[in-house]
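# Results of the structural survey
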Amino acid sequence: MSAVVAIPLRAERAALAGRLPGTRVLRTGMGPARSAARTRAGLDGAPAVLVAGVAGALDERLRPGDVVVADELRGGPAGAIASPSAPLLAAALRRKGLTVHVGPLLTRADVVRGPLTGTGALAVDMESAAIAAAAGTPVAAVRVVVDTPRHPLRSPGTVVRGARALAVLRRAAPALQEWAAAARPREVLLATPRSFCAGVERAVTVVERALERASGPVYVRRQIVHNAHVVADLENRGAVFVQEVGEVPEGATVVLAAHGVAPGVREDADRRGLAVVDATCPLVTKVHSEVRRYSRRGDTVFLIGHADHEEVVGTRGEAPHRVVVVEDAEQAERVQPADPERVAYVMQTTLAVDEAEQVATVLRRRFPALSAPRSDDICYATTNRQRAVREIAAASDLVLVLGSANSSNSQRLAEVAEREGTPAHLVEDASAVDLRWLAGAARVGVTAGASAPPHLVDDLVTALGGLGPLAVRSAAGAVEDVLFALPKELS
Ligand code: SF4
């Protein structure tokens, strides 16, 4: 049975007439009692309900024609009811060019004609919370503002504002339809392991400890890890992110990011008298020392990786005249070292295991004398997460990978899932999920890159739970117990 779009008023129903093809529409009537009764009678097993209509704003920042998406429905007989799909719905509406506010929506039995303060709600209507209480399934609510504290109902222009609000409701229709098509009972299959690795945990802890201990500001060169949420969180706690150490005041504390840096960066920091705290992942440091070892003995070092990635830039900096970056198998076929008998290779830690192996295979065939690292350069966290995403992709209709677009290991997870033949998307957080991807997806695989915080997974699962009954299952996978010690100055 499909989801229902519940529309209280005749005018709202008329505004949406013909604009929700293939969607079940329920006209609930006005007011909490009538709308609750009609919801109970008309729900007929719908997995979720979306209330759509107009409302009055309670928050002075809202303007007529703005759209309110409820994240909580207040004032109903069941008390406050969360509306977890709000981030997904708000994003869909914003993609239609609408001005959207997400927050609590209050339901009252009477028409509010004067100021109503102290509720904490963005807007007020007469049905949503009552419908939510009656439905007993996940409920979302979209309301377009007609009146505001500055433009009350009994004032000139209400008719015009009402007509404009209904026009906005018409523009919202495609997003409402996307929500209804995405709503269904669903299973979420969580990859194991997912999210933070030991190197990222360590890097974040390094900044936190430095913030606790430093008497002045703590500067961080570049993103500490490639995740916008991690950076924003640390920024809020006082960390100052810079591009280069030259921007850091002399004598201040600077943290070097997890991806590692070229020796020249450390030299610049020393020249400025900076107190350097090194958050480079020990597994990246290992690759740096391999490059130093091979280059000292005169080898050309093939660095398999993405030339513009910060980790590769830093690793290459150990021996710029000896390191040759090899991005793919085609480049591996063409590369010409000074002496084919004195060659070695290393890898970026976050590559796709199978792709990197293809490149290494070409190099091994072309250069039989090729030296290889003693142990894999692609780190345990990358390997485990790729294996785990491959497994869930094979069993899912869709895979969602949480991570930032500049996170190499997160990008690789989406690619690995797609190579299994399953559509996959890399998303910053739940608000970046396009409802259209979810239509027909009964089982959604979810994972997160090594730099993506675990709460993003929880938030996404919660949001998906707002689209209908949800079963959540963790796939079996590798147990990770790796723990890296903090730099000695912080331990
Ligand atoms: Fe270290 Fe691997 Fe995590 Fe990168 S992904 S920080 S190399 S453990």
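Model, not experiment: these values are computed from the prediction.

The subject of this paragraph is the nonpolar core. Val67, Val69, Leu93, Trp179 and Leu438 are the most contacted members of the largest nonpolar core, which has 58 residues in total. For this core, the leading source of residues is helix H5 (residues 158–182), giving eleven residues. Beyond its immediate chain neighbours, meaning those up to four positions away, Leu93 contacts Val67, Val69, Leu98, Val100, Val142, Ala172 and Ala175. Val220, Ile224, Ala239 and Leu490 belong to the second-largest nonpolar core, a separate cluster that totals 26 residues.

What follows concerns the domain arrangement of the protein chain. The assigned domain composition of the protein chain is domain 1 (4–183), domain 2 (187–194 + 380–474), domain 3 (198–280) and domain 4 (283–366). Relative to domain 3, the C-alpha centre of domain 2 lies at a distance of 30 Å. Taken together, the contacts link twelve residues of domain 2 with nine residues of domain 3. Both faces considered, domain 2 and domain 3 share a buried interface measuring about 770 Å² in area, 47% of it formed by carbon and sulfur atoms. Three residues, Tyr380, Asn406 and Ser451, lead the burial of domain 2 against domain 3; their summed loss comes to 46% of the area buried on that side. In this structure, the connection of domain 2 to domain 3 is made through zero salt bridges. The interface formed by domain 2 and domain 3 holds six residue pairs in polar contact (both at pLDDT 80 or more) in total. Each residue belonging to the side of domain 2 that touches domain 3 can be placed in one class, and the counts come to five nonpolar, five polar and two charged.

Looking now at the packing of helix H2 (residues 32–42) against helix H4 (residues 128–135). Contact pair H2 / H4: the axes reach a minimum separation of 8 Å and the direction vectors enclose 30°. On the basis of the axis angle, H2 is roughly parallel to H4. In this structure, H2 crosses over H4, and the sense of that crossing is right-handed. Residues Pro32, Ser35, Ala36, Thr39 and Arg40 of H2 form the contact with H4, whose participating residues are Ala130, Ile131, Ala134 and Ala135.

Strand-to-strand pairing in sheets goes through backbone hydrogen bonds, with the strands running parallel or antiparallel. Read from one edge to the other, the open sheet built from five strands follows the order E18-E17-E19-E9-E20, with strand pairing classed as parallel. Two strands lie at the open edges of the sheet, namely strand E18 (424–427) and strand E20 (470–474), each paired on one side alone. Averaged over all pairs of adjacent strands, the angle between their axes in this sheet comes to 25°, without regard to strand direction. Both strand E9 (residues 186–190) and E20 contribute to a ladder of five bridges, which runs parallel.

What follows concerns the sheet that holds strand E16 (residues 343–347). One open sheet accounts for three strands, arranged E15-E14-E16; its pairing is parallel. Here the strands that pair on one side only, and so sit at the sheet edges, are strand E15 (323–326) and E16. Across the sheet, the mean angle from the axis of one strand to that of its neighbour is 25°, orientation sign disregarded. In this structure, strand E14 (residues 300–304) lies alongside E15, joined through four bridges in parallel fashion. Residue pairing in the sheet places Phe302 in a bridge with Val324 of E15.

Reading the values: rules and limits
- Residues numbered from 1 in each chain as written.
- Predicted model: local features only at pLDDT ≥ 70, side-chain atom pairs only at ≥ 80, totals over all residues.
- Heavy atoms only, no water.
- Core = buried A, V, L, I, M, F, W, Y, C linked by side-chain atoms within 4.5 Å.
- Buried < 20%, exposed > 50% of the residue type's maximum accessible area, 1.4 Å probe, protein only.
- Helix = DSSP H or I, 4+ residues; strand = E, 2+ residues; numbered from the N terminus.
- Contact = heavy atoms within 4.5 Å.
- Domains from an automatic or database assignment.
- Buried area = accessible area lost by both parts, 1.4 Å probe.
- Salt bridge = Lys/Arg side-chain N within 4 Å of Asp/Glu carboxyl O.
- Polar contact = N/O pair within 3.5 Å; in protein donor to acceptor, adjacent residues only side chain to side chain.
- Nonpolar A, V, L, I, M, F, W, Y, C, P; charged D, E, K, R; others polar.
- Axes fitted to C-alpha atoms, helices over the stretch in contact; angles between N-to-C directions.
- Parallel < 35°, antiparallel > 145°, perpendicular 65-115°, else oblique.
- Left-handed = near helix turned anticlockwise from the far one by under 90°.
- Pairing = 2+ DSSP bridges.

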